[in-house]
Amino acid sequence: MWADDGTVAEITYPQVSFQAAREIAEGRRDRDILVYGTGIGTAIAASKIPGIRAATAHDLVTVRGAVENYDAQILCMGQNVIAPTAARALVDLWLDLRHDPASAYGEKLEEIRAFEEG
């Protein structure tokens, strides 16, 4: 990440994950993509922000499920896990997919939201 003076700022992946998730939670963005290591840590960190669903996905099935089933707002992928060409193809797919709240998973998401809200 770049600092205001043009140098590289020291920032951890949890800080980037929290920042991305907050921007979505506050309505400044609809979705985001995080790429780091395996993608697992970024998904865990981003999902700590209330109302955010971040998912690690590395193939067609997990990318499709993340959006269509679980309405994931943040796609997390691991640079150590997936080749750049494959990652670009999955990002293109992810950007085109949408969640259908009337699907069988709609009720499950509502159950998760209700639990999260207390």
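Above this text is the structure in question.
Predicted model, so just to flag it, every value in this text is computed and none were measured.

Novice: I keep staring at helix α4 (residues 84-96) and nothing clicks. Help me out?
Specialist: An α-helical turn contains 3.6 residues, so a residue and the one three or four places further along point in the same direction. Helix length check: α4 (13 residues) gives 19 Å between terminal C-alpha atoms against 18 Å at 1.5 Å per residue, within 8%. Within α4, the full set of buried residues consists of Ala87, Leu90, Val91, Leu93 and Trp94. Projected down its long axis, α4 carries its buried residues within an arc of 165°, all on one side. Exposed residues pointing more than 90 degrees away from the buried face of α4 are listed as Thr85, Arg88 and Asp96.

Novice: Can you walk me through the packing of aromatic side chains in this structure?
Specialist: The geometry of an aromatic ring pair is captured by two quantities: the separation of the ring centres and the angle between the planes. This structure, assessed with the given rule, holds 2 aromatic pairs. Ring centres 5.2 Å apart and planes at 75° place the aromatic pair tyrosine 70 and tyrosine 105 in the edge-to-face group. Taken together, the residues tyrosine 70 in the loop between α3 (60-69) and β3 (74-77) and tyrosine 105 in helix α5 (residues 104-117) connect sequence positions 35 residues apart. The partly exposed category is assigned to tyrosine 105, whose relative accessible area is 28%. Its end group placed over the ring of tryptophan 94, arginine 31 keeps NZ or CZ at 3.9 Å from the ring centre.

Novice: In this structure, what is going on with the pattern of salt bridges? I would like to understand it.
Specialist: Pairs can form between side chains of opposite charge whenever their charged atoms are close. A complete count under the given rule lists 7 salt bridges for this structure. Between glutamate 23 and arginine 29 there is a salt bridge, and its shortest N-O distance comes to 2.7 Å. Looking at arginine 29, the relative accessible area reads 38%, which means it is partly exposed. Salt bridges sharing partners connect three or more residues here, namely Arg53, Asp71, Glu110 and Arg113.

Conventions adopted
Residues numbered from 1 in each chain as written. Predicted model: local features only at pLDDT ≥ 70, side-chain atom pairs only at ≥ 80, totals over all residues. Heavy atoms only, no water. Helix = DSSP H or I, 4+ residues; strand = E, 2+ residues; numbered from the N terminus. Expected span 1.5 Å × (residues − 1). Buried < 20%, exposed > 50% of the residue type's maximum accessible area, 1.4 Å probe, protein only. Arc of directions from axis to C-beta. Phe/Tyr/Trp six-rings, centres within 6.5 Å; stacked < 30°, edge-to-face > 60°. Lys NZ or Arg CZ within 6 Å of the ring centre and 35° of its normal. Salt bridge = Lys/Arg side-chain N within 4 Å of Asp/Glu carboxyl O.

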